[in-house]
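Chain by chain, the residues run as shown.
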Amino acid sequence: MSCFGRGLRRTAPARGSSRNELVTPSTASLSRVNGWACPPHSFQLVGWTIYSYMAVVGFGIYIPLLPSPWSHMAYSLTGIAFIVHLVTHLAAVSIDPADAGVRAKKSYSNPLPVFDKKKQPHVIHNLHCYLCKINVDPKVKHCGVCNKCIEDFDHHCKWLNNCVGGQNYWYFFVTVLSATLGVLVLLMVVLFIFIQHYMDPASLRTAPQFTSVMSNGTLLVFLSVGVMSNRTWLVFLPLVPMETGSESLLVVAFLTVMLATGSLLLLVHLLGFHIYLLLNNMSTYDYIITRRRKQASQQDIEMGFPQSSDSNAGPNHPQMEPSIDCDALLSDSVSCKNQETGTIASRPSGSFCSELDNFTKSSEKENGFYYGTELPTQIIPGEFTHPDYTR
């Protein structure tokens, strides 16, 4: 038998030699086309709700109260940021980030077997995915949630309900950038309105509707004193002005400031992290793998194992890329768990995955995330070994 035959150029399952043992025959799942595939993730719904709230509050209540020309500047900056965010967000959600070989099939109607992690730790061996049945590039990973191979895989984002890869990474990046700028401008506007409400409320009453008499009775004009009551404010200017009280204006402002501050902190962390990745020519997946290898090496040193000069992994840590569960990096206090060993692999500094602490639990429900071309547990002689295996 030729050592270079296709049948030998793969990793044998940990227990058994049949490819069918990689999956549970009775379990199959449709691959997700994009972020609109059902069911929507709760984070995705929360994201759209926050966007809608910010748009209504910003353009309907607070920006119209700004005096000219500040109102025009706020309309322009916030409007551009919100429109760009909407367009790029829709693009990042709608694009299918799958590998070209998967997209070439042009059909997601046939169920794909779900990977059985109890029988084999990885689905991609020697640059061949045994679920998608395609040859892949080294940067392609198979996502357990989307159940397909992702081109230039970066991470699976629950806020988009879609994977982020080479096809939609820049849309994702601009989405985060525009959201950061839009929330920042809106936060400054609301804080200005909040302060001016106490210091100089007259400066916020420059809109013509504050002194106009409308036949439908929407506005209450106090002709006896020539000014409107200090406790009466107008919202949804200039199209459909509605009267409201000072208390309501301040309560909504307080809630908006709290929500905008929390969102801005998460967005700045995420944006800063991806800028760092771009400057270092890394992906989120690469970053996590590097951190885990360093942590594994440190653990080996602490346990007294000798270290190889050409490897970051110790003798009891195979030179492989462990299973990764990863999402948009939004938290600075989350630790990653190595699913093969069950040990804590690292505590990333700065921005990191907001959902990493939920991945261990969610992986049980979603069959987990198992990516990459990994070092096999058993290699048949004559196989090709990827350079990554020997780093």
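Preceding this section is the structure that the text describes.
This text gives an overview of the structure that appears in the document. Quantities reported herein were computed from a predicted structural model and do not represent experimental measurements. (Residues numbered from 1 in each chain as written. Predicted model: local features only at pLDDT ≥ 70, side-chain atom pairs only at ≥ 80, totals over all residues. Heavy atoms only, no water.)

Next up on the list: the overall build of the protein chain. Looking only at helices and strands, one finds seven helices and 15 strands in the protein chain. Each of the 391 residues in the protein chain was classed as buried or not, and the buried ones make up 48%. Accessible surface, the protein chain: about 19000 Å² in total, of which carbon and sulfur atoms supply 64%. (Helix = DSSP H or I, 4+ residues; strand = E, 2+ residues; numbered from the N terminus. Buried < 20%, exposed > 50% of the residue type's maximum accessible area, 1.4 Å probe, protein only. Areas by Shrake-Rupley, 256 points an atom, 1.4 Å probe, with all protein chains shown as cover.)

Pairing within the open sheet is antiparallel, and its three strands lie in the order β3-β4-β5. Either end of the sheet is taken by a strand with one partner, and the two such strands are β3 (124–125) and β5 (134–135). One ladder, built from two bridges, connects strand β4 (residues 128–129) with β5; its direction is antiparallel. Counted as the bridge partner of H128 is N135 from β5. (Pairing = 2+ DSSP bridges.)

With that out of the way, let us pick up helix α6 (residues 284–303). An ideal rise of 1.5 Å per residue puts 28 Å on 20 residues; α6 measures up with 29 Å between its terminal C-alpha atoms. Among the residues making up α6, those that are buried are T284, Y285, Y287, I288, I289, R292, R293, A296, S297, Q299 and D300. Just downstream of α6 lies G304, where phi reads positive at about 90 degrees. (Expected span 1.5 Å × (residues − 1).)

What follows is about the pairing of strand β11 (residues 242–245). Across four bridges, the pairing between strand β10 (residues 232–235) and β11 is antiparallel. Within the sheet, the bridge partner assigned to L234 lies in β11 and is E243. Connecting β10 to the next strand, β11, in antiparallel fashion are six residues, including F236 with a positive phi near 60 degrees.

Attention shifts here to the packing of aromatic side chains. By the definition in use, this model includes 12 aromatic pairs. With 5.6 Å between their ring centres and 75 degrees between their planes, W170 and F173 make a pair best called edge-to-face. In this pair, W170 and F173 are both assigned in helix α4 (residues 169–199), three residues apart and thus about one turn of the helix distant. On the accessibility criterion, F173 (12% relative accessible area) is buried. Here F273 and Y287 contribute two aromatic rings whose centre-to-centre distance is 4.9 Å and whose plane-to-plane angle is 85 degrees, an arrangement assigned as edge-to-face. Separated by 14 residues along the polypeptide, F273 in helix α5 (residues 246–279) and Y287 in helix α6 bring together distant segments of the chain. In textbook terms, an aromatic cluster arises when at least three aromatic residues are bridged by ring pairs, as seen for W48, Y51, F59, Y75 and F82. When the ring centre of W233 is taken as reference, the NZ or CZ atom of R205 above it lies at 4.1 Å. (Phe/Tyr/Trp six-rings, centres within 6.5 Å; stacked < 30°, edge-to-face > 60°. Lys NZ or Arg CZ within 6 Å of the ring centre and 35° of its normal.)

This paragraph deals with the environment of V93. Tracing the chain through its elements places V93 in helix α2 (residues 70–94). Residues V93 and C157, spaced 64 residues apart in sequence, show a C-alpha to C-alpha distance of 9.7 Å.

So, about the pattern of salt bridges. Using the criterion set out here, one finds two salt bridges in the structure. One salt bridge connects D96 with K148, and the closest N-O pair in it is separated by 2.6 Å. Separated by 52 residues along the polypeptide, D96 in the loop between α2 and α3 (100–103) and K148 in strand β7 (residues 148–150) bring together distant segments of the chain. With respect to class, D96 is no different from K148; both count as buried. (Salt bridge = Lys/Arg side-chain N within 4 Å of Asp/Glu carboxyl O.)

Take the layout of surface pockets next. Computed from the structure, the second largest pocket encloses a volume of approximately 540 Å³. Around the second largest pocket sit 27 residues that line it, and G47, H85, W159, A179 and L267 are the ones nearest its centre. For the lining of the second largest pocket, the elements supplying multiple residues, two or more each, are α1 (42–62), α2, α4 and α5. Looking at which element gives the most residues to the lining of the second largest pocket, the answer is α4, with seven residues. Taken together, the residues of the lining of the second largest pocket break down into 19 nonpolar, eight polar and no charged. (1 Å grid on protein atoms, 1.4 Å probe; cavity = no way out; pocket = protein on both sides within 12 Å on 5 of 7 lines; lining within 4 Å. Points joined across faces, edges and corners; volume = space filled by probe spheres on them. Nonpolar A, V, L, I, M, F, W, Y, C, P; charged D, E, K, R; others polar.)

Next up on the list: the packing of α2 against α4. If you want to describe how two helices pack, look at the angle between their axes and the distance between the axes. Contact pair α2 / α4: the axes reach a minimum separation of 8 Å and the direction vectors enclose 150 degrees. By the angle between their axes, α2 is roughly antiparallel relative to α4. In the packing of α2 onto α4, the handedness of the crossing is left-handed. Along its contact with α2, which presents A74, L77, T78, A81, F82, V84, H85, T88, H89, A91 and A92, the element α4 presents Y171, F172, V174, T175, S178, A179, L181, G182, V185, L186 and V189. Here the contact of α2 with α4 is composed, by residue class, of 15 nonpolar, seven polar and no charged. (Axes fitted to C-alpha atoms, helices over the stretch in contact; angles between N-to-C directions. Parallel < 35°, antiparallel > 145°, perpendicular 65-115°, else oblique. Left-handed = near helix turned anticlockwise from the far one by under 90°. Contact = heavy atoms within 4.5 Å.)

Once that is clear, we can look at a nonpolar patch on the surface. Together, F194, I195, Y198 and M199 give the surface a local cluster of nonpolar side chains, amounting to about 450 Å² of exposed area. Relative to the helices and strands, I195 resides in helix α4. (Patch = residues over 30% accessible without salt bridge, like charges linked within 9 Å, V, L, I, M, F, W, Y side chains within 5 Å.)

What follows covers the side chain of H128. By secondary structure assignment, the location of H128 is in strand β4. In terms of polar contacts, H128 uses its side chain to reach the side chain of N135, at 2.8 Å. (Polar contact = N/O pair within 3.5 Å; in protein donor to acceptor, adjacent residues only side chain to side chain.)

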